[in-house]
Structures are given as structure tokens and as C-alpha cells.
Amino acid sequence: MNPLTFPLLRLLADGQFRSGEALARHFGVTRATVWNAVQQAERMGVKVYSVRGRGYRLPTPVDFLDHQRVRGHLAGLADRLWLQFHEVTDSTNTLLMRLASEGAPHGTCVVAELQRNGRGRRGRMWHSGLGSGLTFSLLWRFDQGASALNGLSLAVGVALARALEELGMPEILLKWPNDVQYRHRKLAGILIELQGDAFGPSAAVIGVGLNVRQPAEVHVAIGHPVASLEEIWSDAIDRNYLLAVMLRHMVAVLDEFGQVGFRRLRDEWQARHAYHQQKVRLLLPDGTETEAMVQGVDEDGALLADAGAGPQRYASAEISLRGNVA
Ligand code: BTN
């Protein structure tokens, strides 16, 4: 990692042009060194406009995350969370899984401005540009074993929906098992990875990726339409505040989940399900597909759906649900 790249990006955060010469002078380096730092940014997927005679600028202004501002918004919760901010990492989940196995405390939260290898469910990638999303992972330790944590991703979905609603975002729905949607397009995803044995104690690394803005190049990389907060909410979005509100709701839901599991969150989850009592396609772990009518979710978060032979439970995290079946 070129040590100049992030200081340079921070200097360009206002979206204004800065000449290579002015940047070189500011950092006490040569223009070639500035150019190399820009190249490194581009290799990490950060677009930097370079115009002869004018210099460099970012396509849009970026409000970098600020540890102190997030802590300030967390108020009384700040001493329950161990926040770690990284400019760039491969994946906050990968990093936190390692820290968890090394004994990181309950409540450790790893936040990254950029991920080089953000991971989604079912082996997919998670794409997010500089300043255009929120990507973080929270470590939560449970007395229960991993087998009692089936409904956890649904519970986290409830927390995220509550947070977005508190911020005034309308029409936020959930898709089983763990997407947050706006108008049937994905706004946020949740990736939960577990450590520990079946009977406990266990540790969950709860990764959240949220689209705040979606630059065109990210749309292309994802290959299907996604939603972003910017289209729902025209005011400027303070990612620091957003992160704090999401963490606050996550902590409340996780405390409850740790005590009684998913049970008490079930009705709220169902009321928010984008496909409640609708016909969907289920992509099953063996590669087959089936059409089914969604009837709800069970007390442990399993999907209840009828594929023609009566209500059945679908519990595997490897199942994917697709809507819009005629
Ligand atoms: C999905 O919908 O497939 C889950 C996406 C989860 C993405 C987040 S971004 C922060 C955390 N780190 C990762 O590598 N993935 C999760």
C-alpha cells in the first residue's frame, strides 16, 4: 500500500481540482510520486480524474469516516463497542474473523473505507466505492452454540430496517434471509460467519454492507440493479451518524437475541418481508430451483413456504429467494 494514497485522497475529498505540482509541494514529494499514489488508488478501484493543466480530482466529494464523530453519536454505547477504523482492508469480515480467533473482545467493530475483496453470501463479491457505502463487521459473542444462531441474520435485518426508518427512509423491506431492500432492489446485505462449537459458546462476525451512493462503475461490476440511500433521501447523508444509528439498533437487537433468540422479533420481521405471502423461486443448495408460496418464517428464522406439498421449512443459509414470479 502506497503510504501517500490515502492522505492524497483525503486532500482531494472536496471534489475540487488540485494540480500535481501543488499536491507534490504539499507532501514534499515529486510529481511522479503523486502520480504513483494516484495509480495505486485506481488499482484499488477509486476513480481519480486527471486532466492535463488542471490536475487531479475525485468524481464527487467524499465525507471520510471519522472515529470521533461516530463515537460522539454513540453516546452511552461507546464503551460497549471497540471501534477500529481502517482505510483499506481485504474484507472487514475476514479481518474480524482473524481477530476473533485471537481473542478480540465482544463488541469489536471493524470499519473500512475500502475493501479490496469484500465478500457476499454464496461466494459472491461485495462491491463498494470510496465514500459510497458503509462496510463494517461487528463481533458478538454468545453463550449459545452456533446451532442456536440460525435466526441471527434476520434479527440483524430488523435492526438495520429500524435504523433506516429512524433516519426517515421510507419503504425499507427485508428479503429472506438477510437482504435489506428498497423497491425490490438490494440496499444492504448481511454476511454472518460463526466460530465456536455447536453447543457454545460461539462468536458471530456480523458483516454489513450498505449502499449509500452507487457510482456507475459499481453498477457495472455488480451486474444487476441495486438501490442506494441517495435515491431515497435527497439530503446529504452523514455516514458517521448513519453508522452510529445502525450500531445502536444492532446492539439493542443483539442483546435481545442473546436472551431469547429470534422469537420476539419474528412478527416484526414478517411484517417487513418484501415477499410475505407471495410466490417466489427458491434456489436450493443442490442447484435446483422450486417455486413456492411464502407463508412466513419460523421462530428460528427458517423460511416457511409451500412448494405444492404443504408448508415446509427452508433453513439453509445457502438458499436464495427470488421474487417476481407470475
Ligand atoms: C450479501 O448480501 O451477500 C452479504 C454482503 C455483506 C457485505 C459486507 S461488507 C462488510 C463485510 N465484509 C465483507 O467482506 N462482507 C461484509
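What counts, and where the lines are drawn
- Residues numbered from 1 in each chain as written.
- Predicted model: local features only at pLDDT ≥ 70, side-chain atom pairs only at ≥ 80, totals over all residues.
- Heavy atoms only, no water.
- Near = heavy atom within 4 Å.
- Polar contact = N/O pair within 3.5 Å; in protein donor to acceptor, adjacent residues only side chain to side chain.
- Areas by Shrake-Rupley, 256 points an atom, 1.4 Å probe, with all protein chains shown as cover.
- Helix = DSSP H or I, 4+ residues; strand = E, 2+ residues; numbered from the N terminus.
- Contact = heavy atoms within 4.5 Å.
- Pairing = 2+ DSSP bridges.
- Axes fitted to C-alpha atoms, helices over the stretch in contact; angles between N-to-C directions.

1. A closer look at the site of the ligand
Working step 1: With respect to spatial proximity, 20 residues lie near the ligand, and among them Ser91, Gln115, Arg119, Arg121 and Lys186 are the closest.
Working step 2: Between Asn93 and the ligand, the recorded distance is 3.4 Å, taken from a backbone N or O atom to a nitrogen atom.
Working step 3: Between the ligand and Gln115 there is a distance of 2.9 Å, counted from a nitrogen atom to a side-chain nitrogen or oxygen.
Working step 4: Protein coverage of the free-state accessible area of the ligand, which is 410 Å², stands at 99%.

2. A look at the side chain of Gln40
Working step 1: Mapped onto the elements of the fold, Gln40 is located in helix 3 (residues 31-43).
Working step 2: Residues within four places of Gln40 in sequence aside, it is in contact with Met1, Asn2 and Thr5.

3. Points about the sheet that holds strand 8 (residues 185-196)
Working step 1: Ordered by their spatial adjacency, seven strands build an open sheet running 3-4-5-9-8-7-6, and the pairing between neighbours is mixed. Sheet topology places strand 3 (82-89) and strand 6 (172-175) at the edges, where each strand pairs with a single neighbour. Along the sheet, successive strands turn relative to each other by an average axial angle of 20 degrees, direction set aside.
Working step 2: In terms of strand pairing, strand 5 (residues 133-142) meets strand 9 (residues 202-211) through ten bridges, oriented antiparallel. Each bridged residue has a counterpart across the sheet, and for Phe136 the counterpart in strand 9 is Val208.
Working step 3: The strands touched by helix 5 (residues 92-101) within the sheet are strand 3, strand 4 (108-115), strand 5, strand 8 and strand 9, with strand 5 carrying the most contacts at an inclination of about 25 degrees.
Working step 4: Here helix 6 (residues 152-166) sits on the sheet and contacts strand 5, strand 6, strand 7 (179-182), strand 8 and strand 9; the angle it forms with strand 8, its principal contact strand, is near 140 degrees.

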